[in-house]
Amino acid sequence: MKHILLLFLSELHLRNGNVISSFYNPPDGGQPIEGVQTNEPVVKYVMNSLASKGEHLDGIFYFATRKVREPLSIGLPGRQPCTLPQDQFFQDIVHDYPGGEDVHFYGVAYDEEKSTEESIRQVIAMADKISHFMDGNTGEETAIYADMTGGFRYAAMMMLSVMQLLKYRGASIEGVLYSNFQKKAIEDVSEVHRMFSLLSGADEFANFGSVREIESYFKGKETSPELQSLLKVMRQFADAIRICRTSDIMPLAGRLSTSMDAFQKTGHKTLQEDLFMQILYLIRKEYGPLLSPKPTAPDIISWCVDKDFLQQAMTLCTEWLPEYIVDERICYTNNKARQEKLADMGKEMKRDWKKSFIITYVAEPGESDFKPTVSGDSYISAIKDFAKNFNAKKASRYYSPASGKLERLFNEINQYFARGKGRNMNTEEMQDSYPFLYQAAHIIWENRIKNIRYYDNFQTFLKKNSDKSKFVKQLQSISLERIYKLGIAEAHNPRKKKIEQTQPKTIEEKIQSRMNQYRMMLDEGFMETDYPMDMTLEVLENYQRIQKERNQINHASEGKSRSNEEIKALIRKCIDSLKECLAYKKERNLLA
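Residues numbered from 1 in each chain as written. Predicted model: local features only at pLDDT ≥ 70, side-chain atom pairs only at ≥ 80, totals over all residues. Heavy atoms only, no water.

The next subject is the overall build of the chain. The helix and strand inventory of the chain stands at 26 helices and twelve strands. Expressed as a percentage of the 592 residues in the chain, the buried residues total 48%. Expressed as a percentage of contacts within the chain between residues at least 6 apart in sequence, the contacts between residues at least 24 apart total 69%. Accessible surface for the chain amounts to roughly 30,400 Å². Of this, 50% is attributable to carbon and sulfur atoms. (Helix = DSSP H or I, 4+ residues; strand = E, 2+ residues; numbered from the N terminus. Buried < 20%, exposed > 50% of the residue type's maximum accessible area, 1.4 Å probe, protein only. Contact = heavy atoms within 4.5 Å. Areas by Shrake-Rupley, 256 points an atom, 1.4 Å probe, with all protein chains shown as cover.)

Let us look at helix H25 (residues 533-554). Over its 22 residues, H25 runs 31 Å from end to end, which matches the ideal 32 Å to within 8%, given 1.5 Å per residue. Judged by how many residues are buried, H25 sits mostly within the fold: 16 of 22 residues are covered. (Expected span 1.5 Å × (residues − 1).)

Moving on to unusual backbone geometry. For lysine 184, which is not a glycine, the phi torsion comes out positive at approximately 55°. With respect to the helices and strands, lysine 184 occurs in the loop between strand S11 (172-180) and strand S12 (185-188). Lysine 184 gets classed as partly exposed once you look at its relative accessible area, which sits at 26%.

A few words on the environment of leucine 321. Along the chain, the position of leucine 321 falls in helix H12 (residues 310-327). Judged by relative accessible area, which is 0%, leucine 321 ranks as buried. Sequence separation of leucine 321 and alanine 297 is 24 residues, and the distance between their C-alpha atoms is 7.1 Å. Among residues more than four places away in sequence, those in contact with leucine 321 are Ala297, Ile301, Leu316, Tyr543, Cys574 and Leu578.

The next thing to look at is the confidence of the model for the chain. For the chain, per-residue confidence averages 83 on the pLDDT scale, and residues scoring 70 or more make up 88% of the total. The model gives residues 489-501 a pLDDT under 50, and that stretch makes 16 contacts with residues more than four places away or in other chains. (pLDDT = per-residue confidence, 0-100.)

Turning our eyes to something else, we now look at the side chain of glutamate 213. Within the secondary structure layout, glutamate 213 lies in helix H7 (residues 212-218). The buried category is assigned to glutamate 213, whose relative accessible area is 17%. One polar contact links glutamate 213 to lysine 167, side chain to side chain, over a distance of 2.6 Å. Leave out the neighbours within four places in its chain, and glutamate 213 touches Lys167, Ser197, Ser200, Gly201 and Glu204. (Polar contact = N/O pair within 3.5 Å; in protein donor to acceptor, adjacent residues only side chain to side chain.)

Attention now moves to the state of the cysteines. Evaluated as defined, the whole model comprises zero disulfides. Residue cysteine 317 stays outside any disulfide, its sulfur separated by 5.3 Å from that of cysteine 574, the closest cysteine. On the basis of relative accessible area, cysteine 317 is assigned to the buried category, the value being 0%. (Disulfide = S-S within 2.5 Å.)

Here we take up the pattern of salt bridges. In total, this model carries 31 salt bridges according to the counting rule given. For lysine 2, the salt bridge identified is with aspartate 58, shortest N-O distance 3.8 Å. Of this pair, lysine 2 sits in strand S1 (residues 2-8) while aspartate 58 sits in the loop between helix H1 (39-52) and strand S6 (59-65); the two residues are 56 residues apart in sequence, bridging distant segments of the chain. When the shortest N-O distance is used, the salt bridge between lysine 67 and glutamate 11 registers 3.6 Å. Highlighted residues: lysine 67 in helix H2 (residues 66-69) and glutamate 11 in the loop between S1 and strand S2 (14-15), separated in sequence by 56 residues. Because the salt bridges share partners, they merge into one network encompassing Glu191, Arg194 and Lys221. (Salt bridge = Lys/Arg side-chain N within 4 Å of Asp/Glu carboxyl O.)

In structure tokens form, the structure reads like this:
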């Protein structure tokens, strides 16, 4: 290992042209160290400490002001005065000290009259010099000691900047020291510098989910059991996020909150723990949504997006949202046999029935077992509201279990009657173009012909019911059971079987194909929802888009890739659609 010392060279203080010698007490309680220049005691102390371990100081890197680089007449006790630059005098002192003959010096000129920008350039120049030294000793680690004694104005800030830059290059900061001229003591101020490491560690954990810097700060320090537990959970949570252990993230988020509370409630703490306590607010602020008693899947996914953990966010969307969608009854089934079948189907891919239900399940037409779950009063209200102003979307929401069917039926009614009376349409054309309206009209006609005095055929019935308002009122005669079956006949319409059976190729085609399956299964009751159909389909489509995008990224598929900002927008849109459903649910509960 190479050992180097970084310092800001102090000016010599002379009395009647002669140097002033002082003794400084070292922090380890050893023998006082003599020095005529305030950097000198620190340099000798570091050299003594290294020598006691069988090591030696390899180099001293220093900032030198214009004044310490100028020649100065220096008087020494018992010797003739000599004229030389103060930095050269400093080098001679070190070389004359035992073990100092092999120490190399590297100086960077500093002009205190220059601008702040120039000072930054000098910081970069010093970092470059030390980096070059490190590059010349490839394979060996570099330990840095820093003497914060000398310098002007923001010299300490310059030193700290160099040290931080070198940390990123892999150097370790072994000690930070200071010669206190007033107390005549060498003070170890490493803990003050380590405080900055703790602050940067908190920032690193808050923004990037890494606990390495915080653990490094507490390494070798006495810590309470509560802090040990907190650091362990922080590391486990960071690891779970980094490698996306989906089954661990939510439990660990809960434990993170509990561990923070336990640590903050402890009594006596060390100085380091008291300092850490002060920065916990930053972690709580940045992890806020995750620290609630029961963080939800959308909470954690949103947090990942905010932190730019996009791969993790997409993985969590794909893995967690199917269960969330089912549990929140956005799209679900209560059919136990179907659940068991889906669970068996998912075993090979280690999926539970909920994930199989949302991702891969495709039902065969005609097997619906969906039953009305609420009163028909709201269904009648939906029809009455539609009769007022023919607003299909607004009226259909009166009856959420079948809102999708009602909205489609109402839209087809609007489209059909908007054609006007000038153009007749035969029943086959009507069945193809307006299948829901065709079925509803046929049900009304079937109810009519039960009366033995009613003789009109279906075509005649349509002609006689060309008034939109009168037709809509007759919808009330259709039973709830038959409303739920709207769409099944469409699936069995032989004319519809002519649709091209080719497999979808593009991502968009695959999404639309799956959306058609969702619509069919929701229409026929294989899938159920407690929300308006448009809300449910938006959630499912958003999920499909995220799943397909993630698959494309994971498999390095060719084609146009989305930018990070586009992926963020896609995930946020999905989370927003889930929140819209929850807001709707809350509003319905308040009204109930």
